[in-house]
Structures are given as structure tokens and as C-alpha cells.
Amino acid sequence: MGGGALSSDVVSAAERAGLTAVTGTAGSVGMVGLTLGGGYGPLLGQFGLAADNLLGAEVVLADG
């Protein structure tokens, strides 16, 4: 199993909680890459970029 969540994983989790996730248009993209790259998607006009919605991040190095 690889590290990190895909955009489709985040959308699914948000939907189960009755929320909407600001993501891109491709579900196979990793959320970190999407967010750090800006995060253009279908909700851009209403909620901004995915990067605009980032509240915090935790960096985990390879050695844990």
C-alpha cells in the first residue's frame, strides 16, 4: 500500500459525512500534489482552489 490519499478517497469520505470536498477533476490524483499544485477543480468558482482550503499539514519523514 502506498502513502497518501487520492482525491477520490477524500471525496468518498466527505460524502459519507455529508460534506463536499474541494478537489480536482481526476480522482486518481494524490491530494498532496493536487493541493500543493493549486487544486483547480469544478468547485473553483464557489470555494476557490484546493490550496485555499488547506487548514494545516503534518510532514512525516521516511524514517517516521
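Shown above is the structure to which this text applies.
As the structure is a computational prediction, the values presented were derived from the model and not from experiment.

Caption draft 1: Just the side chain of Ser7, in detail. With respect to the helices, strands and loops of the structure, Ser7 is situated in helix α1 (residues 7-16). Excluding its chain neighbours within four sequence positions, the residues that come into contact with Ser7 are Thr23, Gly24, Ala26, Gly27, Val29 and Met31.

Caption draft 2: View of the side chain of Thr23. Of note, Thr23 is situated in the loop between α1 and α2 (31-36). Classification of Thr23 by relative accessible area gives buried; the value is 8%. Sequence-distant contacts of Thr23, that is, excluding residues within four places in its chain, are made with Ser7, Val11, Met31, Leu34, Tyr40, Gly41 and Pro42.

Caption draft 3: Main features of the environment of Gly39. Along the chain, Gly39 turns up in the loop between α2 and α3 (44-47). Relative accessible area serves as the criterion here: at 2%, Gly39 is assigned to the buried category. Those residues within four positions of Gly39 in sequence are excluded, and the remaining contacts are Leu34, Leu49 and Ala50.

Reading the values: the criteria
Residues numbered from 1 in each chain as written. Predicted model: local features only at pLDDT ≥ 70, side-chain atom pairs only at ≥ 80, totals over all residues. Heavy atoms only, no water. Helix = DSSP H or I, 4+ residues; strand = E, 2+ residues; numbered from the N terminus. Contact = heavy atoms within 4.5 Å. Buried < 20%, exposed > 50% of the residue type's maximum accessible area, 1.4 Å probe, protein only.

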